[in-house]
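Given next are the chains, with one letter for each unit.
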Amino acid sequence: MAQLKLLAFLAEKPRRSTDIAGFFDQAPRTVTQAIDALEQNGLVSRSPVADDRRSKLVQITDVGRATLDQAMPLYDAIVARTFGSLTAEQLEGLDGAIGHLNRLFDGLEKTSDRETKTPPASARQRD
C-alpha cells in the first residue's frame, strides 16, 4: 500500500527524495529505502537534478505506471471495503481520534525539539 501511494505521488510529476520525505512526513533514509525497492523492480528511476549535483529526481517509469494502473482498482476496493464498513458516526469518531493523536504527536515533537536545544541542568550550572 505504501509503495502504491508513493507511485501515485510520483505519477503527478517527478520529485526529489527530500520532497517525498517531506510530503509523507518520513525520515530521508526510509524514503531512500522505499525508492531503492521501487527502482530495483523497474517502477521508478533516478536522474540527476540540473541545478543540484547532490540531488536526484525520482520519476515513475512506464512499468511503474502500468503497475499503478493495474493495482489502483484493488487499492480503491480495499479502502472502500475497510472504511465503507464504518457508520458515519464511527468515521466521525475515527477522524476525531486521528486529529487528537496528531495534535498530541505535534506537541511531543515540539517538546522534544526544545529539550534537545536546552543544555542539561549540569551543563547550565557550570556556565
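Remember, it's a predicted structure, so these values are computed and weren't measured experimentally.

With six bridges joining them, strand β2 (residues 44-49) and strand β3 (residues 52-60) adopt antiparallel strand pairing. When the bridges of β3 are listed, Ser45 appears paired with Gln59. As consecutive antiparallel partners, β2 and β3 are separated by two residues.

With that out of the way, let us pick up the sheet that holds β3. Ordered in space as β1-β3-β2, the three strands form an open sheet in which the pairing is antiparallel. A single partner strand is all that each edge strand has here, and the edge strands are β1 (15-16) and β2. Where helix α1 (residues 2-12) meets the sheet, its contacts fall on β1, β2 and β3, and the angle it forms with β3 comes to roughly 105°.

This part takes up the layout of surface pockets. Of the pockets and cavities examined, the largest pocket occupies roughly 210 Å³. Looking at the largest pocket, the residues that line it are Ala2, Gln3, Lys5, Leu6, Ile20, Phe24, Gln26, Thr30, Val31 and Ala34. In terms of residues, the lining of the largest pocket owes the most to one element, α1, which gives four residues.

What follows concerns the packing of aromatic side chains. Following the criterion strictly, the structure yields three aromatic pairs and no others. Ring centres 5.3 Å apart and planes at 75° place the aromatic pair Phe9 and Phe24 in the edge-to-face group. In this pair, Phe9 is assigned in helix α1 and Phe24 in helix α2 (residues 17-24), connecting sequence segments 15 residues apart. For Phe24, a relative accessible area of 27% puts it in the partly exposed group. Among the aromatic residues, those joined into a cluster by ring pairs are Phe9, Phe23 and Phe24. Positioned above the aromatic ring of Phe9 is the side chain of Arg15, whose terminal nitrogen or guanidinium carbon lies 3.9 Å from the ring centre.

Reading the values: rules and limits
Residues numbered from 1 in each chain as written. Predicted model: local features only at pLDDT ≥ 70, side-chain atom pairs only at ≥ 80, totals over all residues. Heavy atoms only, no water. Pairing = 2+ DSSP bridges. Helix = DSSP H or I, 4+ residues; strand = E, 2+ residues; numbered from the N terminus. Contact = heavy atoms within 4.5 Å. Axes fitted to C-alpha atoms, helices over the stretch in contact; angles between N-to-C directions. 1 Å grid on protein atoms, 1.4 Å probe; cavity = no way out; pocket = protein on both sides within 12 Å on 5 of 7 lines; lining within 4 Å. Points joined across faces, edges and corners; volume = space filled by probe spheres on them. Phe/Tyr/Trp six-rings, centres within 6.5 Å; stacked < 30°, edge-to-face > 60°. Buried < 20%, exposed > 50% of the residue type's maximum accessible area, 1.4 Å probe, protein only. Lys NZ or Arg CZ within 6 Å of the ring centre and 35° of its normal.

Everything listed is a geometric property; what it means functionally is a separate question.
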